[in-house]
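Letter by letter, the chains look like this.
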Amino acid sequence: MSRTTFDTWLSCPQRNPQASLKLFCFPYAGGTAQIYRPWASSLPSTVEVYLINLPGRGMRLHERTFTQMSPMVQEIANVLLPVLDKPFAFFGHSMGALISFELAHHLRSENGLSPAQLFVSGRRAPQIPDTDPPTHELPDAEFIEELRRLNGTPKEVLEHPELMQIMLPVLRSDFAICQTYAYEPRPILDCPITAYGGLLDEDVSREQLEAWGKQTSALFKMRLLPGDHFFIHTAQSLLLEALTHELNLLARRLFYF
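We now turn to the structure provided with this report. For clarity, every value in this text was computed on a predicted model and none was experimentally measured.

## Some words on the overall build of the chain
Working step 1: Counting its secondary structure elements, the chain contains nine helices and seven strands.
Working step 2: A compact globule built from 257 residues should have a C-alpha radius of gyration of about 18 Å, and the chain, at 17 Å, falls within 12% of that.
Working step 3: Among the 257 residues that make up the chain, the fraction classed as buried is 52%.
Working step 4: Taking as baseline every contact in the chain between residues at least 6 positions apart, the subset at least 24 positions apart corresponds to 81%.
Working step 5: Surface summary for the chain: the accessible area is close to 12,100 Å², and the carbon and sulfur share equals 53%.

## With respect to helix α9 (residues 236–255)
Working step 1: For α9, which comprises 20 residues, the first-to-last C-alpha distance of 28 Å matches the rise-based estimate of 28 Å (1.5 Å per residue) to within 8%.
Working step 2: Regarding α9, the residues found buried are Leu239, Leu240, Ala242, Leu243, Thr244, Glu246, Leu247, Leu250 and Ala251.

## With respect to the pattern of salt bridges
Working step 1: In the structure shown here, the tally under the stated rule is eight salt bridges.
Working step 2: For Arg186, the salt bridge identified is with Glu102, shortest N-O distance 2.9 Å. Here Arg186, found in the loop between α6 (161–179) and β6 (193–198), pairs with Glu102, found in helix α3 (residues 95–111); they are 84 residues apart in sequence, far enough to count as distant.
Working step 3: Here Glu102 falls in the buried class, since its relative accessible area comes to 13%.

## Here's the deal with the packing of aromatic side chains
Working step 1: Counted under the stated rule, the structure contains twelve aromatic pairs.
Working step 2: With a centroid separation of 5.1 Å and 25° between ring planes, the pair formed by Phe24 and Tyr50 is classed as stacked. Of this pair, Phe24 sits in strand β2 (residues 21–26) while Tyr50 sits in strand β3 (residues 47–52), placing them 26 residues apart in sequence. This pair shows no difference in class: Phe24 is buried, exactly as Tyr50 is.
Working step 3: When the ring of Phe143 is compared with that of Phe175, the centres are 5.2 Å apart and the planes differ by 70°; the resulting orientation is edge-to-face. You can see Phe143 sitting in helix α4 (residues 140–150) and its partner Phe175 sitting in helix α6, a full 32 residues away along the chain.
Working step 4: Put simply, the rings of Phe24, Phe26, Tyr50, Phe88 and Phe90 touch in pairs and so form one group of aromatic residues.
Working step 5: If you follow Arg60 out to its NZ or CZ, it ends over the ring of Trp9, 4.3 Å from the centre.
Working step 6: For Arg172, the ring lying beneath its charged end belongs to Phe143, and the centroid distance is 4.6 Å.

## Considerations on the nonpolar core
Working step 1: Membership of the largest hydrophobic core comes to 52 residues, with the highest contact counts inside it found for Phe24, Ile52, Ile76, Leu80, Phe90, Leu103 and Trp212.
Working step 2: If near-sequence neighbours (up to four positions away) are discounted, Trp212 is found in contact with Ala97, Phe101, Val120, Arg123, Arg124, Ala125, Pro126, Ile193, Ala195 and Phe220.
Working step 3: Counting residues in hydrophobic clusters, the runner-up holds 29 residues, among them Leu23, Phe119, Leu225 and Leu243.

## Overview of the pairing of β3
On a regular strand, one side chain projects to one face of the sheet and the next to the other, so that they alternate.
Working step 1: Of all the six residues making up β3, six are buried; the element is thus mostly covered by neighbouring parts of the structure.
Working step 2: Pairing of β2 with β3, which is carried by five bridges, proceeds in the parallel orientation. Bridging across to β3, Phe24 finds its partner in Tyr50.

## A short note on the environment of Leu147
Working step 1: Its location among the elements puts Leu147 in helix α4.
Working step 2: Judged by relative accessible area, Leu147 falls into the buried class, the value being 3%.
Working step 3: As for Leu147 and Asp190, which are separated by 43 residues in sequence, their C-alpha atoms are 35 Å apart.

How each quantity is defined
Residues numbered from 1 in each chain as written. Predicted model: local features only at pLDDT ≥ 70, side-chain atom pairs only at ≥ 80, totals over all residues. Heavy atoms only, no water. Helix = DSSP H or I, 4+ residues; strand = E, 2+ residues; numbered from the N terminus. Rg over C-alpha atoms; globule rule 2.2 N^0.38 Å. Buried < 20%, exposed > 50% of the residue type's maximum accessible area, 1.4 Å probe, protein only. Contact = heavy atoms within 4.5 Å. Areas by Shrake-Rupley, 256 points an atom, 1.4 Å probe, with all protein chains shown as cover. Expected span 1.5 Å × (residues − 1). Salt bridge = Lys/Arg side-chain N within 4 Å of Asp/Glu carboxyl O. Phe/Tyr/Trp six-rings, centres within 6.5 Å; stacked < 30°, edge-to-face > 60°. Lys NZ or Arg CZ within 6 Å of the ring centre and 35° of its normal. Core = buried A, V, L, I, M, F, W, Y, C linked by side-chain atoms within 4.5 Å. Pairing = 2+ DSSP bridges.

This is the structure in structure tokens:
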């Protein structure tokens, strides 16, 4: 893996070589890794935060996007392997939760590695099938209405035709990744899973979030926070407070027992 490829895929907002744990953060559909940039200064000093930069957005705007889960996970695994030199954890919101889950399985089966903990957010458990009709191939007007319903794209962007022409291909690709995803039954993970959800999320119910507990033989926790599907923004301070608590507990489990 070349240094250029590494720098393209990964960002580390605040280098922390003394950290005992690396936290890799995965964005939601249409989102950029930069949503996690402020986290580096808010989480415990024992944690070094890495952002996963997916193609088709940010500085990788003109790169070809992925439309299927498997090849993307394979590519991310190749990038991460050289930096998995100490305990690590994954955090992913919505699409990012699904990516991190599949990546955890890939690393275990292909490389004998496992995250110390998996933090999933705003996503139903992977074994629960999607019963909604796919939307990634809808005509532009209908697809934009679906984005409006989800409430994750700013109104100013939705009403800006030039910006939407830039964003639509990325959003369609990301939605395709999620909507064509096929869950594969495998031995469950042996790392703890913590699931976060929004109390007003109309797309992910409490029961669908609780079902993540069936994906681990270790400890499972769930925490609901104020807000809809994008509570990751509106309740960010509460989420970071909860995540800090979990990371401190993880550090004690890893290094003091």
